[in-house]
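For reference, the chains in residue letters:
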Amino acid sequence: MVFVPVFCDSPFGWLDRDRPFSDYYAWITETVGWSIRTKTRLLLRMHPSASAWGESSRDILMRMLGLDVMPEFVIIDDSGNYGHNDVLMAARQIVTFQGTVHCEAVALGVKPIVLSTCMLSMLLVNAVQKPKDVNHYFMLLAGPRIIASASLRLMAKKALYYKENCVGFRRLVGVPTIFRGDPERLKAQVADWVTEFAEAKHEHFVAIGEKVGEASHRSNDDIRV
């Protein structure tokens, strides 16, 4: 199962010159081509937030592949009829470019295939399958399901909790997440909230920046020594 990203989202959130595919286009087209050549069933699961970003991922995918009809062995899932955890547990391989689903898979006990540097490939190298090149990627696609140990599952759950609850200013600011398709009135309201918060906390943010800068300078001095 391939978890398709929102295509308007950048594939360069993590810089990784060793990844086998430079972008989403090369990855998707090569993966579908492999499915056709090997007659291996492939499920392309569309991102649940794609429409909120004003994107029709199915249409983009079909244009990307230059097809009017999907091949027999390739299925597009954009219906939401299948439970997220159910498909993670049922799939032989879970494949994502660098999405958060890689962390969810490990938390459920499965080592996913990731195509680029991501959170767990940095924190827990053995938690994911990261191909060295295109041929290695195809070998992993055809390979067996790899089970993650209990300790890796626990660490993945902790990483997920940290990402969702501790990273960023969303909870601190206290405003909802907005998307491209949301009403302009809501976007303007959120912009006002953020502006008011930033003005009220300006000195606090400056102090944080100074502390980060001091810590960075100390780290650089340590490296030079």
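Just so it is clear, the model here is predicted, and its values are computed rather than measured. (Residues numbered from 1 in each chain as written. Predicted model: local features only at pLDDT ≥ 70, side-chain atom pairs only at ≥ 80, totals over all residues. Heavy atoms only, no water.)

Peer 1: I keep staring at the nonpolar core and nothing clicks. Help me out?
Peer 2: Here is a general trend for soluble globular proteins: nonpolar side chains tend to be buried in one another's company. Grouped together as the largest cluster of nonpolar side chains are 27 residues, with contacts concentrated most on W27, I28, L44, L61 and Y137. Only α1 (24-38), β2 (42-45), α2 (57-65), β3 (74-77) and α6 (134-142) provide two or more residues apiece to this core. By size, the runner-up hydrophobic cluster in this structure holds 15 residues, among which are V106, M119, L120 and A127. (Core = buried A, V, L, I, M, F, W, Y, C linked by side-chain atoms within 4.5 Å. Buried < 20%, exposed > 50% of the residue type's maximum accessible area, 1.4 Å probe, protein only. Helix = DSSP H or I, 4+ residues; strand = E, 2+ residues; numbered from the N terminus.)

Peer 1: Just checking my understanding: could you explain the packing of aromatic side chains for this structure?
Peer 2: The geometry of an aromatic ring pair comes down to the distance between the two centres and the angle between the two planes. As enumerated under the stated definition, the model contains 4 aromatic pairs in all. A centroid spacing of 5.1 Å and a plane angle of 80 degrees characterise the contact between Y24 and F97, whose relative ring orientation is edge-to-face. One end of the pair, Y24, is in helix α1; the other, F97, is in the loop between β4 (95-96) and α4 (101-107), with 73 residues separating them in the sequence. Of the two residues, Y24 and F97, neither departs from the other in class, the shared state being buried. Through a chain of ring-to-ring contacts, the aromatic side chains of F21, Y137 and F138 assemble into a single cluster. (Phe/Tyr/Trp six-rings, centres within 6.5 Å; stacked < 30°, edge-to-face > 60°.)

Peer 1: I'm lost on the packing of α1 against α2 in this one. Help?
Peer 2: Each packed pair of helices is defined by two parameters, the angle between the axes and the distance between the axes. Axis separation between α1 and α2 bottoms out at 10 Å; the angle between their running directions is 75 degrees. Our classification of the angle between α1 and α2 gives roughly perpendicular. Contact residues: α1 offers Y24, Y25, I28, T29 and V32, while α2 offers L61, M64 and L65. Broken down by class, the residue content of the contact of α1 with α2 amounts to 7 nonpolar, 1 polar and no charged. (Axes fitted to C-alpha atoms, helices over the stretch in contact; angles between N-to-C directions. Parallel < 35°, antiparallel > 145°, perpendicular 65-115°, else oblique. Contact = heavy atoms within 4.5 Å. Nonpolar A, V, L, I, M, F, W, Y, C, P; charged D, E, K, R; others polar.)

Peer 1: Is there a simple way to explain the pattern of salt bridges in this structure?
Peer 2: If charged atoms from side chains of opposite charge come close, those side chains can pair. Counted according to the given criterion, the structure contains 2 salt bridges. For R45, the salt bridge is made with D77, and the minimal N-O distance between the two is 2.6 Å. Residue R45 is found in strand β2, and its partner D77 is found in strand β3; the two are separated by 32 residues along the sequence. Residue E184 pairs with K187 through a salt bridge whose shortest N-O separation is 3.4 Å. Pair noted here: E184 and K187 are both in helix α9 (residues 184-200), with a separation of 3 residues, about one helical turn. Under the relative-accessibility criterion, E184 is labelled exposed at 58%. (Salt bridge = Lys/Arg side-chain N within 4 Å of Asp/Glu carboxyl O.)

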